[in-house]
Amino acid sequence: MTETRPMKTKRGSQVLGRGLALAVLCSSAGLAAAQSSVTIFGVMDVGVQRLSNGGKNLSLVSIDGMQTSRIGFRGTEDLGNGLSASFHLEGAVGPDVGSGGDWRRRATVSVSDKAAGEVRLGRDYVPTFWNISRFNAFGTNGVGAASNLVYGFDGASSTAKTVIRSDNSVGYFLPSNLGGIYGQAMMAAGEGSTGKYVGGRLGYAQGSLDVAGAWSETTNTAAGTKFKVGNLGGSYTVDAFKLLGLYHVSKQATREQTNWVLGGTYTQGAHVLRFSHVRSKNRDSANGSDYSGKLLALGYVYNLSKRSSIYATTSRVQNSATGKFLIPGGSAVLAGQSSTGTELGIYHSF
Amino acid sequence: MTETRPMKTKRGSQVLGRGLALAVLCSSAGLAAAQSSVTIFGVMDVGVQRLSNGGKNLSLVSIDGMQTSRIGFRGTEDLGNGLSASFHLEGAVGPDVGSGGDWRRRATVSVSDKAAGEVRLGRDYVPTFWNISRFNAFGTNGVGAASNLVYGFDGASSTAKTVIRSDNSVGYFLPSNLGGIYGQAMMAAGEGSTGKYVGGRLGYAQGSLDVAGAWSETTNTAAGTKFKVGNLGGSYTVDAFKLLGLYHVSKQATREQTNWVLGGTYTQGAHVLRFSHVRSKNRDSANGSDYSGKLLALGYVYNLSKRSSIYATTSRVQNSATGKFLIPGGSAVLAGQSSTGTELGIYHSF
Amino acid sequence: MTETRPMKTKRGSQVLGRGLALAVLCSSAGLAAAQSSVTIFGVMDVGVQRLSNGGKNLSLVSIDGMQTSRIGFRGTEDLGNGLSASFHLEGAVGPDVGSGGDWRRRATVSVSDKAAGEVRLGRDYVPTFWNISRFNAFGTNGVGAASNLVYGFDGASSTAKTVIRSDNSVGYFLPSNLGGIYGQAMMAAGEGSTGKYVGGRLGYAQGSLDVAGAWSETTNTAAGTKFKVGNLGGSYTVDAFKLLGLYHVSKQATREQTNWVLGGTYTQGAHVLRFSHVRSKNRDSANGSDYSGKLLALGYVYNLSKRSSIYATTSRVQNSATGKFLIPGGSAVLAGQSSTGTELGIYHSF
């Protein structure tokens, strides 16, 4: 038997918590829409950071050291017969300065079938992003993130609009009943200008193993130069240890960057240790430039709960003689200079 | 007897669904404020579209083919004795690019009395908008919308700031107990510059009939030129058929546009057919220009549920020799060219 | 015994109201996260205003006469042992024009301990703001607000970025178990440019008495000039009367402004009378300028409920021969001119 109690009355309209989602079903009426719901979710992640790029130091209140601060709304409507409609609206929040307001993390509407998969329309992550994010001990956040080097060229995600997400996308996702095989494909309309995207991802997750490969092409200029991305990553879990690896290549015209990432996590109760090592090689056949950089990161997370943590990360980027890889947020580095970042933060999800 | 069960716990704070709004009333305490609530609501509507304006074609991921994508919050407080206070905040969402963030669809606070009506302050729809929206088989959305021609002049809504909504408005709405008569009046402060608005709407809805007329004047320039709108519309429902008609006139200085709209819908279970025919005539006595355009649109909607649909619409705009009416979103047309649009989309409301 | 009933189903996802927050506890499972929740809250406040500055008059639809219109989300997670994590996101809304979208009123994440206090990171109010807000019959809103004169210099809050809030802040709050003593301290990183802030506030509230002092320094230019604020305020409640007083000084380089505020409220059932008198003196030793202004405000509030009110306020600012204090929103005043404002509005919180 289930029992209900009123919670204490307080100012403001209160939504039921993440840890307690409920429905009241009316036994005397067939409420077909009873499964429908809107979920409010988000992350707040703020810390303090010290960046040393070349000889220049900067202390700042930093954000997103564990995960990107955000707020979102999502919901699913059960249409019966294995069919459902759903939406997802999610926008970044900048708790350091109170910024926010758009839904540029994700804004999609979907129709899904349990057997046939999901069709998803709107602004969404590109398939090639997910391997960078998942097979990476620090995800794509903070001073230790491999993405500091891997994104685009020199870690600069601005070389194409589709390094992380794409506007105007039509996506398809395989259903979840394929015995561990998962995958997705995406096309995005260029709409008369740059940004036409086509890409896909295919993976296999079973027990302690998870591997996936992805590939994409983006028409990055009106002249038709393609920004091409390919990557292959995986993770393997042994007891408290999780090993993660990624191979990632970006190409455009005469430029090419190759990245190797190796990382791991060790979890003991509320304590998590993380490390990551990245090696990136950037070439431009047009001018013969050829340089490399590497990142070594070490982090500690203390989980106050499943939703809240305190974390500390330190990371160092070293460049070859002409390299200019760095941890973003501070000054630029001169060729060959190193970049160091250390941060301490509070992560809370809702 | 009502029974409650906890729903499965999931990440994120979950709000009760549209199909299932509930209150838990404490029988041992008189919770006077128990009627108060905040409702989260919205629409996500994304599709693919093909536009052919003159000889130029464009394929794009389109939005808002059925209804404008949006998110909103609203609530009502019962003050007793038939009196209530309420608020409404609603902003457009652009799921193609993840845009959003303001509340420019509507941002109002109201005090309502069941017998005396509602006073509403803030940014709101103008009275003259509602006839365009309601007496129109495609509402004001998508390639088939009559508003593509009707809004302002040549369908250009930018000629005055008050074609759809007005900032700084004070509105009054008749109560709902007048035997089918409904109506509203609005004034908006110009606040030292352009935009001073005054308008009203009066209608009658009973059984299968709904008719309404509306009129407005906006001071559209500092020099005092008035943008004037008048319209008269109605709908009549016979079984599965609904017929809709609208006569709409816009005037400013030497310009005048007259529009006739005739449309209909046919509903059979989950299937809805829609058609609309618009004839618009635009004159400017200052230069003797006098041209016309017509739109013919046909659409099909398959309702997956009350909240979710798949839809397809095709529409064609034809101009007289010097006309330049078009379906917005693509290239401009040269005088006399036609404009064609076809779209296929997913609509989901929450 | 507690009883549940389904509320009437309506369109949109409905969140439980401010007056009725609830949890359904599953008696057969220890839901440790049951205390977690997200609260939606906000204010909508719109009215009509008449401003007369010098000889120029302006009538407008005004906002925020009682409190600043806003929407926010907040939540607290109980971590056990007196520890909790919480977040707060709050952004201004402009219901006159439908503006909104950021979280610049407050965007913070906190870890709190019942015995040790709260550490709060993000964008937050500065400690020196709270005395202006609390020891003030009109708060900091509307034509009668003392802040019209007190903020910064000449009421101009733009002289430093930290008159009300600060980006990039790290704050500490005393726990609530110190026998009436309360307090907070804040530091904010300048992050290479202007805006480095340090400040604190200490108060004592017991029974009918509440007194607090606060002080801050902001590095306001790259050259290192400090914007300094100090204030001391208090309130004393005797039956239906509440008396409020504030002494506030702002200094930067050669400029200094001293303000005295005396106010009061009288509450009788749903009726509240408010009055406020402000005297401000502004000096600049660099050019010998020395002028003063005073504000006298009278207001009436009729509380429709705890959440909704109708209010009217009238206020007059008078300047000495070279003074230019004014009620913001209308024209500037010439030296020595007076400024008058009257407003009538609807306030609703949710």
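Bear in mind that the values here come from a model prediction, so they are computed numbers and not experimental data.

Trainee: Sorry if this is basic, but what is going on with the overall build of chain A here?
Mentor: Within chain A, the secondary structure is distributed over two helices and 20 strands. Burial statistics for chain A: of 350 residues in total, 55% are counted as buried. Look at the contacts in chain A between residues 6 or more apart in sequence, and 52% of them connect residues 24 or more apart. Split by element, the accessible area of chain A, about 13900 Å² in all, is 57% carbon and sulfur.

Trainee: Before we go on, may I ask you to explain the pairing of strand β11 (residues 181-188) of chain C in this structure?
Mentor: The side chains of a regular strand alternate, residue by residue, between the two faces of the sheet. Across five bridges, the pairing between strand β10 (residues 165-173) of chain C and β11 of chain C is antiparallel. Its bridge partner being in β11 of chain C, Gly 171 of chain C is matched across the sheet by Met 186 of chain C.

Trainee: I tried to follow the pattern of salt bridges on my own but got confused; where do I start?
Mentor: Opposite charge on two side chains allows them to pair when their charged atoms are near. Taken as a whole and assessed by the stated rule, the structure comprises 33 salt bridges over all chains. Ionic pairing is found between Asp 167 of chain C and Arg 104 of chain C, a salt bridge with its closest N-O pair at 3.7 Å. Residue Asp 167 of chain C is found in strand β10, and its partner Arg 104 of chain C is found in the loop between β7 (83-92) and β8 (106-113); the two are separated by 63 residues along the sequence. One salt bridge connects Asp 124 of chain C with Arg 120 of chain C, and the closest N-O pair in it is separated by 2.8 Å. Of the two residues, Asp 124 of chain C and Arg 120 of chain C, both sit in the buried class. A network of salt bridges, in which partner residues are shared, links Arg 106, Glu 118, Arg 120 and Asp 124 of chain A.

Trainee: Teacher, can you tell me more about helix α1 (residues 127-134) of chain B here?
Mentor: The periodicity of an α-helix, 3.6 residues per turn, causes residues three or four places apart in sequence to face the same way. Counted residue by residue, α1 of chain B has six buried out of eight residues, so it is predominantly covered. Taken residue by residue, α1 of chain B has Pro 127, Thr 128, Phe 129, Asn 131, Ile 132 and Ser 133 of chain B as its buried positions.

Trainee: Hey, could you run me through the environment of Lys 251 of chain A in this one?
Mentor: Inspection of the secondary structure puts Lys 251 of chain A in strand β15 (residues 241-252). Judged by its relative accessible area of 39%, Lys 251 of chain A falls in the partly exposed class.

Trainee: Can you walk me through the packing of aromatic side chains in this structure?
Mentor: Note on aromatic pairs: each is described by the distance of the centres and the angle between the planes. Here the structure, examined in full by the defined rule, presents 30 aromatic pairs over all chains. Their ring planes at 70° and their centres at 5.2 Å tell us that Phe 129 of chain A and Trp 130 of chain A sit as a pair that is edge-to-face. The partly exposed category is assigned to Trp 130 of chain A, whose relative accessible area is 26%. Relative to Trp 130 of chain B, the ring of Tyr 125 of chain B has its centre 4.8 Å away and its plane inclined at 50°; by these criteria the two rings are tilted. Ring pairs connect the aromatic residues Phe 73 and Trp 103 of chain A, Phe 73 and Trp 103 of chain B together with Phe 73 and Trp 103 of chain C, which therefore count as one cluster. One cation-aromatic arrangement involves Arg 120 of chain A over Phe 173 of chain A; the distance from NZ or CZ to the ring centre is 3.9 Å.

Trainee: Any chance you could explain the pairing of strand β18 (residues 289-303) of chain B here in plain terms?
Mentor: Residue and element names in this part refer to chain B. Pairing of strand β17 (residues 271-284) with β18 involves 14 bridges; the strand directions are antiparallel. Bridging across to β18, Leu 273 finds its partner in Tyr 300. The hairpin formed by β17 and β18 contains four residues between the paired strands, and Gly 288 there has a positive phi angle of roughly 70°. As paired strands, β18 and strand β19 (residues 308-319) are joined by eleven bridges and run antiparallel to one another. Bridge assignment links Tyr 302 to a residue of β19, and that residue is Ile 310. Between β18 and β19, which follow one another and run antiparallel, lie four residues.

Trainee: What exactly am I supposed to notice about the nonpolar core here?
Mentor: Most often, soluble globular proteins have nonpolar side chains that are buried together. Formed by 60 residues in total, the largest nonpolar core has its most connected members in Phe 73 of chain A, Phe 73 of chain B together with Phe 73 of chain C. In this structure Phe 73 of chain C touches Ile 40, Ile 71 and Phe 73 of chain A, Phe 73 of chain B together with Val 38, Thr 39, Ile 40, Phe 41, Phe 87, His 88, Leu 89 and Trp 103 of chain C, once residues within four positions along its chain are discounted.

Trainee: Explain the side chain of Glu 118 of chain C here, please?
Mentor: Residues and elements named next belong to chain C. When you line up the elements, Glu 118 lands in strand β9 (residues 117-125). Assessed through its relative accessible area of 15%, Glu 118 is described here as buried. Engagement of the side chain of Glu 118 in a polar contact is seen with the side chain of Ser 110, the distance being 2.6 Å. Discounting residues that sit within four places of it in the chain, Glu 118 has contacts with Ser 110, Val 111, Ser 112, Gly 171, Tyr 172 and Phe 173.

Trainee: Looking at this structure, I do not really get unusual backbone geometry. What am I missing?
Mentor: Among all residues except glycine, the phi angle is most often negative; among peptide bonds, the trans geometry is most common. One non-glycine residue with positive phi stands out, namely Asp 64 of chain A, at about 70°. As for its placement among the helices and strands, Asp 64 of chain A is situated in the loop between β5 (56-63) and β6 (70-80). By relative accessible area, which is 14% here, Asp 64 of chain A ends up buried. The backbone of Ala 253 of chain B sits at a positive phi, close to 50°, despite the residue not being glycine. As for its placement among the helices and strands, Ala 253 of chain B is situated in the loop between β15 (241-252) and β16 (255-268). A relative accessible area of 66% means that Ala 253 of chain B is categorised as exposed.

Trainee: Explanation requested: the confidence of the model for chain A in the structure shown.
Mentor: Where the model shows low pLDDT, its predicted coordinates should not be examined in detail. All names here are of chain A. With 88% of its residues at a pLDDT of at least 70, chain A reaches an overall mean of 88. Segment residues 1-11 is flagged for pLDDT under 50; beyond a separation of four residues in sequence, or across chains, it makes 37 contacts in the model. Every residue in residues 14-36 scores below 50 in pLDDT, and together they form 81 contacts with partners more than four places removed in sequence or on other chains.

Trainee: Help me understand the side chain of Thr 219 of chain B in this model?
Mentor: Residue and element names in this part refer to chain B. When you line up the elements, Thr 219 lands in strand β13 (residues 209-219). Looking at Thr 219, the relative accessible area reads 17%, which means it is buried. Residues in contact with Thr 219, not counting those within four places in the same chain, are Thr 194, Gly 195, Lys 196, Gly 224, Thr 225 and Lys 226.

Trainee: Would you mind going over the environment of Val 272 of chain A with me for this structure?
Mentor: Tracing the backbone shows Val 272 of chain A in strand β17 (residues 271-284). Sequence-wise, Val 272 of chain A and Phe 241 of chain A are 31 residues apart; in three dimensions their C-alpha atoms are separated by 9.9 Å.

Parameters and conventions
Residues numbered from 1 in each chain as written. Chains lettered and ligands numbered in written order. Predicted model: local features only at pLDDT ≥ 70, side-chain atom pairs only at ≥ 80, totals over all residues. Heavy atoms only, no water. Helix = DSSP H or I, 4+ residues; strand = E, 2+ residues; numbered from the N terminus. Buried < 20%, exposed > 50% of the residue type's maximum accessible area, 1.4 Å probe, protein only. Contact = heavy atoms within 4.5 Å. Areas by Shrake-Rupley, 256 points an atom, 1.4 Å probe, with all protein chains shown as cover. Pairing = 2+ DSSP bridges. Salt bridge = Lys/Arg side-chain N within 4 Å of Asp/Glu carboxyl O. Phe/Tyr/Trp six-rings, centres within 6.5 Å; stacked < 30°, edge-to-face > 60°. Lys NZ or Arg CZ within 6 Å of the ring centre and 35° of its normal. Core = buried A, V, L, I, M, F, W, Y, C linked by side-chain atoms within 4.5 Å. Polar contact = N/O pair within 3.5 Å; in protein donor to acceptor, adjacent residues only side chain to side chain. pLDDT = per-residue confidence, 0-100.

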